[in-house]
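Report on the structure
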Amino acid sequence: MKKTGLFLLTVFLTVMSGSVMAQCSLCTKTAQQLGEGPAKGLNNGILMLALTPLAIIGFLAFRWWRSNKEA
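**So, the overall build of the protein**
The secondary structure content of the protein amounts to three helices and zero strands. Put simply, the protein runs from its N terminus to its C terminus through helices and strands in the order α-α-α. The buried share of the protein, reckoned over its 71 residues, is 6%. Of the roughly 6000 Å² of accessible surface on the protein, 71% is carried by carbon and sulfur atoms.

Encoded structure:
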């Protein structure tokens, strides 16, 4: 259980760190035209929109894993 918690903490910190700047090519071109400040806001928005479905999937996977472990 400690390894799983450590793994999830590492993944969460990686996703929330400022060094994660993954964007599609269309968003990259838009961000380049906006300037530095709005581009960072666009990055944060993309990460927040991606985090919600990943958190839901992670929660469901954890519940599935826990129910199968007890069976």
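**Concerning the UniProt feature "transmembrane region" (unreviewed entry) in the protein**
Feature annotation in UniProt places "transmembrane region" (unreviewed entry) on residues 46-65, given in this structure's numbering. Overall, residues 46-65 shows 100% helix and 0% strand. The separation of its end C-alpha atoms is 29 Å.

**Here's the deal with the packing of aromatic side chains**
Throughout the structure, instances matching the rule amount to one aromatic pair. Where Phe 62 meets Trp 65, the ring centres are 5.9 Å apart and the plane angle is 40°; that geometry is what we call tilted. Of the two residues, Phe 62 and Trp 65 both sit in helix H3 (residues 36-70), three residues apart, roughly one turn of that helix. When its relative accessible area of 35% is taken as the criterion, Trp 65 is described as partly exposed.

**Quick notes on H3**
Since the α-helix advances by 3.6 residues per turn, residues separated by three or four positions end up pointing in the same direction. For H3, built from 35 residues, the straight-helix expectation of 51 Å at 1.5 Å per residue is met to within 8% by its first-to-last C-alpha distance of 50 Å. Those residues of H3 that fall on the buried side of the exposure criterion are Ala 39, Asn 43 and Leu 47.

**Some details on helix H2 (residues 25-34)**
Among the 10 residues that make up H2, one are buried, leaving the element largely open to the surroundings. Once H2 finishes, Gly 35 follows within two positions and takes phi at roughly 110°, a positive value.

Conventions used here
- Residues numbered from 1 in each chain as written.
- Predicted model: local features only at pLDDT ≥ 70, side-chain atom pairs only at ≥ 80, totals over all residues.
- Heavy atoms only, no water.
- Helix = DSSP H or I, 4+ residues; strand = E, 2+ residues; numbered from the N terminus.
- Buried < 20%, exposed > 50% of the residue type's maximum accessible area, 1.4 Å probe, protein only.
- Areas by Shrake-Rupley, 256 points an atom, 1.4 Å probe, with all protein chains shown as cover.
- UniProt positions renumbered as here; feature names shortened; annotations may be inferred.
- Phe/Tyr/Trp six-rings, centres within 6.5 Å; stacked < 30°, edge-to-face > 60°.
- Expected span 1.5 Å × (residues − 1).

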